[in-house]
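Listed below, chain by chain, are the residues.
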Amino acid sequence: MKVAIMGFGTIGSGVYKVLTTNEDVIAKRVGEKLEVKYVLDRREFPGEPWEKLVVGDYNIIANDPDVDIVVETMGGVEPAYTFVKAMLEAGKHVTTSNKALVADKGADLIKTARDNNVNFLFEASVGGGIPIIRPILECLTGDVIEEISGIVNGTTNFILTKMTEEGSEFDVVLKEAQNLGYAEKDPTADIEGHDAQRKIAILTSLVCGQQVEYTDIPTEGISHITANDIKYAKKINRNIKLLATSTAVGDTYVARVAPYLLAPEHPLFAVNDVFNAIFVHGNMLGDGMFYGSGAGSLPTASAVVGDIVEMAKHKNMNIPLEWKSEKKELADSSVVESAFFVRTKSDKDAVKSAFGNVEFVEGVVDGEVGFTTDVMTEAEYESKASTLDVVKMIRVR
Ligand code: HSE
């Protein structure tokens, strides 16, 4: 079978490497050899082994009946969407690692694949190399998924881990992450939570079988987290983690991306550095957790190649996948209950009159106190906190 790779950057070149390094074992599993016939890229790659495979026009791939499977590793919604749609309409299977494309156009591309009796798979779009999408869709299909909470962004997890280990400020560690290649030159999508927002939108769409708009998910990043916040976290024996979380409420879900203070008992407490982990609670399974390399060339390519093999084994069959384009209304996040950790410049009497008796954390930063509230709704918290001079609020799990 012939494969084409659209976009030969970090992930696309990783896919080529996995397919060539593990050529024999993959051929055994598929039952025939897989061969990369085209690489779509603007660059020419002189002297590289794939130089002769490079084309600049996606129509060459779409119009070649020899190509069965196409990999999309370009990133972004356009022109990826136009190219992927054309491939599916031309009767080619497509796998992508592109969360922006899947979050925005997942339902549409799944339908296009079904209409053309091919498959559109996207295991690598969430959690990099960690198997999470197929486990949710297949292994856990007998469960009602009541919660998915993940550390799904390696860049921010690296930054928070280093801030905790070194006591450094956010900007210093961000630079370190950029020097190590863990953060992009423009790090906005990672540090402001937009990447995690798309990933939890994809997972929530899959568990409810309908389109969840990522723009409906309240999202806060980590760029406001300071060395003082980390000092408080240590004082109360917790770790700050950027969670992307989705919880069942009646027949829908409530989702959020935000930094949380986790207790050592929480399964995600010790997920450090660039690693990702996704905690799942099913009504029959109970708790489960998927942990591993959530980004990077070969881990992500490993998941893409897993999809390639799955599609090669279902060459003439659409694997049913429920994700309708009808929009799923998420529950109002102001009714969600949690405890809140607050730093305030208001005095202890003002705190007590707003929140009742709370446990104070003192002596961490001059001129302020910290405290953790009882469990209450977001709306209740907002109303009580409005009487105080709040420096920072971080939710507690
Ligand atoms: N920037 C992403 C991360 C890459 O840091 O996790 C994987 O989607």
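Scroll up a little and you will see the structure.
## Notes on the site of the ligand
Neighbouring the ligand are Lys99, Val152, Asn153, Gly154, Thr155, Asp190, Asp195, Lys199, Gly294 and Ala295. Asparagine 153 is positioned with one of its side-chain polar atoms (N or O) 3.4 Å from an oxygen atom of the ligand. Between the ligand and threonine 155 there is a distance of 2.6 Å, counted from an oxygen atom to a side-chain nitrogen or oxygen. Contact with the protein chains hides 80% of the accessible area of the ligand, taken as 260 Å² for the molecule alone. Only helix H7 (154-166) and helix H10 (194-208) provide two or more residues apiece to the shell around the ligand. Counted by class, the shell around the ligand contains 2 nonpolar, 4 polar and 4 charged residues.

## Points about the sheet that holds strand S4 (residues 67-72)
Taken together, 6 strands build an open sheet; the order of strands is S3-S2-S1-S4-S5-S6 and the sheet is parallel. Two strands bound the open sheet, and with one partner strand each, they are strand S3 (54-55) and strand S6 (120-121). Across 5 bridges, strand S1 (residues 2-6) lies against strand S2 (residues 35-40) in parallel orientation. The partner of methionine 6 across the bridge, within S2, is leucine 40. The strands touched by helix H1 (residues 10-21) within the sheet are S1, S2 and S4, with S1 carrying the most contacts at an inclination of about 155°.

## Quick look at the pairing of strand S5 (residues 93-96)
Neither face of S5 is exposed, since His93 and Thr95 on one face and Val94 and Thr96 on the opposite face are all buried. Bridge count for S4 against S5 is 4 bridges, and the pairing is parallel. Note on S5: the bridge partner recorded for isoleucine 69 is histidine 93. What joins S4 to S5 is helix H4 (residues 80-89), and the crossover it makes is right-handed. Sheet topology note: the S5/S6 ladder contains 2 bridges and is parallel.

Scoring rules and cut-offs
- Residues numbered from 1 in each chain as written.
- Predicted model: local features only at pLDDT ≥ 70, side-chain atom pairs only at ≥ 80, totals over all residues.
- Heavy atoms only, no water.
- Near = heavy atom within 4 Å.
- Polar contact = N/O pair within 3.5 Å; in protein donor to acceptor, adjacent residues only side chain to side chain.
- Areas by Shrake-Rupley, 256 points an atom, 1.4 Å probe, with all protein chains shown as cover.
- Helix = DSSP H or I, 4+ residues; strand = E, 2+ residues; numbered from the N terminus.
- Nonpolar A, V, L, I, M, F, W, Y, C, P; charged D, E, K, R; others polar.
- Pairing = 2+ DSSP bridges.
- Contact = heavy atoms within 4.5 Å.
- Axes fitted to C-alpha atoms, helices over the stretch in contact; angles between N-to-C directions.
- Buried < 20%, exposed > 50% of the residue type's maximum accessible area, 1.4 Å probe, protein only.
- Right-handed = clockwise from strand over helix to strand, strands pointing away.

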